[in-house]
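Okay, here's what each chain looks like letter by letter:
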Amino acid sequence: KRFAALTELLGDLDEDNLGAVLRAFDEIPMRGEHREEYKMLVYAWASFDPEGALKFIDENANSRSINKNELLKPLVASWASNDPEKTLEWINALPENERSDNLMSGLIEGWAVKDPYKAAEYLQENVEAGKNRERLAGEIASHLFKQSPADAARWAEAQSDLAFRGEAFEELAEDWASVNPRELADWLEKHVDEDYSVEAFQDLARGWVSQDPAAATAYFEDLPDGAAKETGIYELAVTWGKDDLAGLGEWLNGLPDSTVTDLGVKAYVSRLANEAPEAA
């Protein structure tokens, strides 16, 4: 309730009431247990006065108990949601050792609000493929997904760089699998034979089997043989085995012998080995 009230109050922050708000924040010590309150303050402040918020951070963070970098991310995210070009210009002017992953994450998070398509272009042109770029692509995918899953899907499909398309698919699948795995499954099935969709199928398997093992296993059994089915069944088994090893064993016993289902057996016996080595 306190955070909800603070969010509502800071939504009305402007130049006229900033002084009164800062005086109120004097009663909230700048310590680790209050970092979220200060992040909220900085985010709201930077929406109309990023330079003033920067000066506040420079003068107050680090010397107290909240790390400066922790406050810079929400500042950059807020600034970039209004003026990504100016925010990027400020980041590029920093010494190289101060351009942290935290700042880049804030930039893309805010830029995704302003223009997710331009943010994606920047990522592809300036950040090498890999886990860090994938994580940043997730900021864009999450923003688009909250607005419209269909728009997020079209955005992922439109990426011409296949490596980036794979990152976009994987990050979108993480969000979608937790909300509506059946809808995600229907979309991914159109891309079942593509290398860029394999990790997304893994996310679907993990998310779906946790919610509805019967529906998840039926879906993956019906997929055509290939990487999506193989890795999907393996991830199903790994995740399901954490909660219901007996149920997983019964399902595997009902499957025909194949190199595909062998991957599920591999995950099963690896889990079982900790509990009953002879049975494994």
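Residues numbered from 1 in each chain as written. Predicted model: local features only at pLDDT ≥ 70, side-chain atom pairs only at ≥ 80, totals over all residues. Heavy atoms only, no water.

(A) Looking closely at the packing of helix H10 (residues 149–157) against helix H11 (residues 162–179). Their axes nearest at 8 Å, the elements H10 and H11 cross at an angle of 160 degrees. Looking at the two axes, H10 sits roughly antiparallel to H11. Viewed along their axes, H10 and H11 form a crossing whose handedness is left-handed. Together, Pro-149, Ala-152, Ala-153, Trp-155, Ala-156 and Glu-157 of H10 and Phe-164, Arg-165, Ala-168, Phe-169, Leu-172 and Trp-176 of H11 make up the contact between the two elements. The residue makeup of the contact of H10 with H11, split by class, is 10 nonpolar, no polar and two charged. (Axes fitted to C-alpha atoms, helices over the stretch in contact; angles between N-to-C directions. Helix = DSSP H or I, 4+ residues; strand = E, 2+ residues; numbered from the N terminus. Parallel < 35°, antiparallel > 145°, perpendicular 65-115°, else oblique. Left-handed = near helix turned anticlockwise from the far one by under 90°. Contact = heavy atoms within 4.5 Å. Nonpolar A, V, L, I, M, F, W, Y, C, P; charged D, E, K, R; others polar.)

(B) Geometry of the confidence of the model for the chain. In the predicted model, the chain carries a mean pLDDT of 92, and the fraction of residues at 70 or more is 100%. Per-residue pLDDT, averaged within each element of the chain, yields its smallest value for helix H17 (residues 259–275) (85) and its largest for helix H12 (residues 181–188) (97). (pLDDT = per-residue confidence, 0-100.)

(C) Local environment of the packing of helix H15 (residues 227–243) against H17. Interhelical geometry of H15 versus H17 gives an angle of 25 degrees and a closest axis separation of 8 Å. It follows that H15 is roughly parallel to H17 by the angle criterion. In this structure, H15 meets H17 at a crossing whose hand is right-handed. Together, Lys-229, Glu-230, Ile-233, Tyr-234, Ala-237, Val-238, Gly-241 and Lys-242 of H15 and Val-260, Leu-263, Gly-264, Lys-266, Ala-267 and Arg-271 of H17 make up the contact between the two elements. Class assignment of the residues belonging to the contact of H15 with H17 gives a composition of seven nonpolar, two polar and five charged.

(D) Representation of the packing of aromatic side chains within the structure. Per the counting criterion, the structure on display carries 13 aromatic pairs. Between Phe-169 and Trp-187, the ring centres sit 4.5 Å apart and the planes meet at 25 degrees, which makes this aromatic pair stacked. Of this pair, Phe-169 sits in helix H11 while Trp-187 sits in helix H12; the two residues are 18 residues apart in sequence, bridging distant segments of the chain. According to the relative accessible area criterion, Phe-169 is buried, its value standing at 0%. Residue classification places Trp-187 among the buried residues on the basis of a relative accessible area of 5%. Aromatic pair Phe-201 and Phe-220: ring centres 6.4 Å apart, planes at 80 degrees, arrangement edge-to-face. Here Phe-220 lies in helix H14 (residues 213–222) and Phe-201 lies in helix H13 (residues 198–211), a separation of 19 residues in the sequence. Taken together through their ring pairs, the aromatic side chains of Phe-145, Phe-169, Trp-176, Trp-187 and Tyr-196 make up a single cluster. (Phe/Tyr/Trp six-rings, centres within 6.5 Å; stacked < 30°, edge-to-face > 60°. Buried < 20%, exposed > 50% of the residue type's maximum accessible area, 1.4 Å probe, protein only.)

(E) Looking closely at H17. Its 17 residues give H17 an end-to-end C-alpha distance of 25 Å, which sits within 8% of 24 Å, the value for a rise of 1.5 Å per residue. Residues of H17 that are buried include every one of Val-260, Thr-261, Gly-264, Ala-267, Tyr-268 and Leu-272, and no others. One face of H17 carries all of its buried residues, which in axial projection span an arc of 130 degrees. For H17, the exposed residues set more than 90 degrees away from the buried face come down to Thr-259 and Asn-274. On its buried face, H17 is in contact with H15 and helix H16 (245–253). One side-chain oxygen at the N-terminal end of H17 lies 3.1 Å from the backbone nitrogen of Thr-261; it belongs to Ser-258. (Expected span 1.5 Å × (residues − 1). Arc of directions from axis to C-beta. Polar contact = N/O pair within 3.5 Å; in protein donor to acceptor, adjacent residues only side chain to side chain.)

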